[in-house]
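Working through the structure, step by step
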Amino acid sequence: MNKCNIVLIEPSHIIAEGMRRILESVNDLSIIHVSERITGIDVHVHKADVIILNPRVVTEGEMVSTLHNLRKMNEQASVIALHTHYESTNVMKHFEHIIELGNDTPSIIEKIRSAQTTGNENKTENDDLSIREKEVLVAVAKGLTNKEIAEALNISIHTVIAHRKNITSKIGIKSIPGLTLYAMTNGLLEP
Amino acid sequence: MALFQRNQKLADILNDNPQLILMLPRFDIGLGFGEKKAKEVCEENHISTDLFLMLCNVYTFDYYLPSEEEIRKIDSEALMNYLKASHDYYLTQRLTHIGHHLEKIAEQAGQIKPMLLKFFSDYKNEVKRHFSSEEKTIFPYIQSVTKQNNNAPSCLNNVEKSHVNINNKLSELTNILIKYLSPDILPNERISVWFDIAQLSKDLAKHSIIEEKILIPYLRILEKENSHE
């Protein structure tokens, strides 16, 4: 895997330093810039593969335009939310990948890897569902709620919602009966 | 291609966009109109030529929407009859036809059969509920607003959302039939029903535009005028 350049936007010095320690423990991850705010980072964003953004630095109303601008600056980069304080579902729903304050080092790294491979560049190349997405799909088809799925798979509700979004964008099916049919025709679920 | 005009022959209009043949039964226009112009056929059938051409143009030209002035002058009862006739056509003809195809496909789909049939019957029921709710709330509302009755509460929200839902489910059905069912299950039947669904989906999309961009703006104009009096 190529070196992964990371831009971190995190207002808390303690958290930013902690993230730096964690990410620098891995050879091919490299933090190229840390910023306390969303402004004045364009030149670094251009070079980034992954942008880790604490949603706190942006107001709820500006979230959509901020993400849009980041994507416009660098279409290939994936954006990961660094979720340290309570944020409404309205904010978190915009993120496919979320790092939680309680995550341990391996799972943070796994999330960066998965963001890196599902970056916009690769999205069209591989539309097969990941193992995790298949697990979520089967759970949805069985009629579990997002909360139940989160508990069963030991992930946050935001992550469940992100997986469901990815599933829909990959296979073009959103409704529960439609997902159930998909699961059956693909042998993921016994009829 | 320029917008259709009242002095054009109906046959020429249909030649330019064969899809428009679907307009005729909805306006109760019979076939065999020979060389008559659009306005002649409309007058003979006591239909507003303006409305007929407006809808033909909306169906044919994606960029075209009537101006506020044109919307204000609409014959709302004729529009309501047209929409009602469209609803009947979708339910009793198109969806029934697609349902027959699907039954044949489901027959070969083994254990998936019940789920496939359920998906379609749920969809059909959702469409039915949506149409009947429009007919029970919006259509009577048209009559009360045109009679300058301000007491009726506005009921124009949620229409768009419901339309999006109905068209999304149809595209899910196509995805399942074409992308995900096993290749050996009645391929010809599936290709044939694919055309039916694609046609219906296009028709429904234009139908939604007529309701969202013509009917609802028309009612909003009347609501505003009523509130000023």
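Please refer to the structure higher up on the page.
Residues numbered from 1 in each chain as written. Chains lettered and ligands numbered in written order. Predicted model: local features only at pLDDT ≥ 70, side-chain atom pairs only at ≥ 80, totals over all residues. Heavy atoms only, no water.

1. Concerning the overall build of chain A
The condition is simple: Helix and strand assignments come from DSSP, with helices taken as H or I runs of at least 4 residues and strands as E runs of at least 2, each series counted from the N terminus. Three labels apply to residues, based on accessible area from a 1.4 Å probe with only protein chains included: buried if under 20% of the type maximum, exposed if over 50%, partly exposed otherwise in between. By definition, residues are in contact when any of their heavy atoms lie within 4.5 Å.
When helices and strands are counted, chain A shows ten helices and five strands. Each of the 191 residues in chain A was classed as buried or not, and the buried ones make up 47%. Contacts spanning at least 24 positions in sequence make up 68% of the contacts within chain A whose residues lie at least 6 apart.

2. Comments concerning a nonpolar patch on the surface
All names here are of chain B. We count it as follows: Think of a patch as exposed residues, more than 30% relative accessible area, with no salt bridge, where like charges cluster within 9 Å and nonpolar side chains (Val, Leu, Ile, Met, Phe, Trp, Tyr) cluster within 5 Å. Each accessible area value is a Shrake-Rupley result obtained with a 1.4 Å probe; residue values ignore everything except the protein chains displayed when judging cover. One speaks of a salt bridge when a side-chain nitrogen belonging to Lys or Arg is within 4 Å of a carboxyl oxygen belonging to Asp or Glu.
On the surface, Ile178, Ile191, Trp194 and Phe195 cluster together into a nonpolar patch covering about 400 Å² of accessible area. As for its placement among the helices and strands, tryptophan 194 is situated in helix 9 (residues 187–228). Overall, the relative accessible area of 35% leaves tryptophan 194 in the partly exposed class.

3. A look at the interface of chain B and chain A
Put simply, the rule is: Note: buried area is the sum, over both parts, of the accessible area (probe 1.4 Å) each one loses when the two are combined. Under this definition, polar contacts are N or O atom pairs within 3.5 Å; protein pairs additionally need one hydrogen-donor-capable and one acceptor-capable atom, and for neighbouring residues in sequence, both atoms have to be side-chain atoms.
Across the boundary between the two partners, chain B contributes twelve residues, which contact 14 residues of chain A. Interface area lost by chain B to chain A is led by B:Met115, B:Glu172 and B:Tyr180, which between them contribute 47%. Run the count over chain B and chain A and you get zero salt bridges. Taken together, the connections running from chain B to chain A amount to four residue pairs in polar contact (both at pLDDT 80 or more). Every element with two or more residues in the side of chain B that touches chain A is listed here: helix 7 (113–146) and helix 8 (159–180) of chain B. With six residues, helix 8 of chain B is the largest single contributor of residues to the side of chain B that touches chain A.

4. Let's talk about the nonpolar core
Quick reminder of the rule: Among buried residues, those of type Ala, Val, Leu, Ile, Met, Phe, Trp, Tyr and Cys that are joined through side-chain atoms within 4.5 Å constitute a nonpolar core.
One finds B:Met23, B:Phe27, B:Phe52, B:Leu55, B:Leu79 and B:Leu219 to be the most contacted residues of the largest nonpolar core, which totals 97 residues. When residues of this core are assigned to their parent elements, the largest contribution, 13 residues, is made by helix 6 (residues 76–107) of chain B. Not counting residues within four places of it along the chain, the set of residues in contact with B:Leu55 comprises B:Met23, B:Phe27, B:Leu79, B:Tyr82, B:Ile210 and B:Ile214. In terms of nonpolar packing, the next biggest core, distinct from the first, is built from 19 residues, A:Cys4, A:Leu8, A:Met19 and A:Ile99 among them.

5. Overview of helix 6 of chain B
As a reminder of what qualifies: A helix is expected to reach a length of 1.5 Å times the quantity of its residues less one. Two axes enter the definition of the bend at a residue: one is fitted to the seven residues ending there, the other to the seven starting there, and the bend is the angle between them.
In this model helix 6 of chain B runs 45 Å from its N-terminal to its C-terminal C-alpha over 32 residues, within 8% of the 46 Å that 1.5 Å per residue would give. A maximum bend of about 35° is found in helix 6 of chain B at B:Tyr90.

6. Things to note about the pattern of salt bridges
With the rule as written, the count across this model stands at 22 salt bridges over all chains. Of the charged contacts, one joins A:Arg20 and A:Glu24 as a salt bridge, the two residues approaching to 3.7 Å between their closest N and O atoms. In this pair, A:Arg20 and A:Glu24 both sit in helix 1 (residues 13–24), four residues apart, roughly one turn of the helix. We classify A:Arg20 as partly exposed; its relative accessible area is 27%. The partner of B:Arg220 in a salt bridge is B:Glu223, with the nearest N and O atoms 3.9 Å apart. Residue B:Arg220 and its partner B:Glu223 are located together in helix 9, separated by three residues, close to a single helical turn. On the basis of relative accessible area, B:Arg220 is assigned to the partly exposed category, the value being 38%. Taken together, the shared-partner salt bridges connect B:Glu68, B:Glu69, B:Arg72 and B:Glu225 into one network.

7. Considering the packing of helix 7 of chain B against helix 8 of chain B
Residues and elements named next belong to chain B. As a reminder, the rule being used: To get an axis, fit a line to the C-alpha atoms, keeping to the stretch in contact for a helix; angles then go from 0 to 180 degrees between the N-to-C directions. Should an angle lie under 35 degrees it is considered roughly parallel, over 145 roughly antiparallel, and from 65 to 115 roughly perpendicular; all remaining angles are considered oblique. Handedness of a helix crossing follows the sense of rotation of the near helix relative to the far helix, less than a right angle counterclockwise being left-handed and clockwise being right-handed. Residue type decides the class: Asp, Glu, Lys and Arg count as charged, Ala, Val, Leu, Ile, Met, Phe, Trp, Tyr, Cys and Pro as nonpolar, and the leftover types, Gly among them, as polar.
Where helix 7 contacts helix 8, the two axes come as close as 11 Å, and the packing angle between them is 160°. As summarised for this structure, helix 7 and helix 8 are arranged roughly antiparallel, according to the angle between their axes. Regarding helix 7 and helix 8, the two cross each other, and that crossing is left-handed. When helix 7 is examined against helix 8, the residues Leu116, Phe119, Phe120, Tyr123, Glu126, Val127, His130, Glu134 and Ile138 are found in contact with a partner set consisting of Val159, Ser162, His163, Asn165, Ile166, Lys169, Leu170, Glu172, Leu173 and Ile176. In the contact of helix 7 with helix 8, the residues fall into eleven nonpolar, four polar and four charged.

8. Remarks on the state of the cysteines
Working definition of a disulfide: a covalent bond connecting the sulfur atoms of two cysteines. Residues and elements named next belong to chain B. So the rule is basically this: In this description, a disulfide is simply a cysteine sulfur pair whose atoms lie within 2.5 Å.
Going through the model one piece at a time under the given rule, you end up with zero disulfides over all chains. Distance from the sulfur of cysteine 56, which forms no disulfide, to the nearest cysteine sulfur (cysteine 42) is 7.8 Å. Accessibility expressed as a relative area gives 1% for cysteine 56, which makes it buried.

9. Focus: the environment of A:Ala150
Residue and element names in this part refer to chain A. In this fold, alanine 150 is placed in helix 8 (residues 146–153). With a relative accessible area of 6%, alanine 150 lands in the buried category. Put simply, alanine 150 and isoleucine 161 are eleven residues apart on the chain and 9.3 Å apart in space, counted from C-alpha to C-alpha. The residues touching alanine 150, leaving out its near neighbours within four places in the chain, are Ile155, Ser156, Ile157 and Val160.

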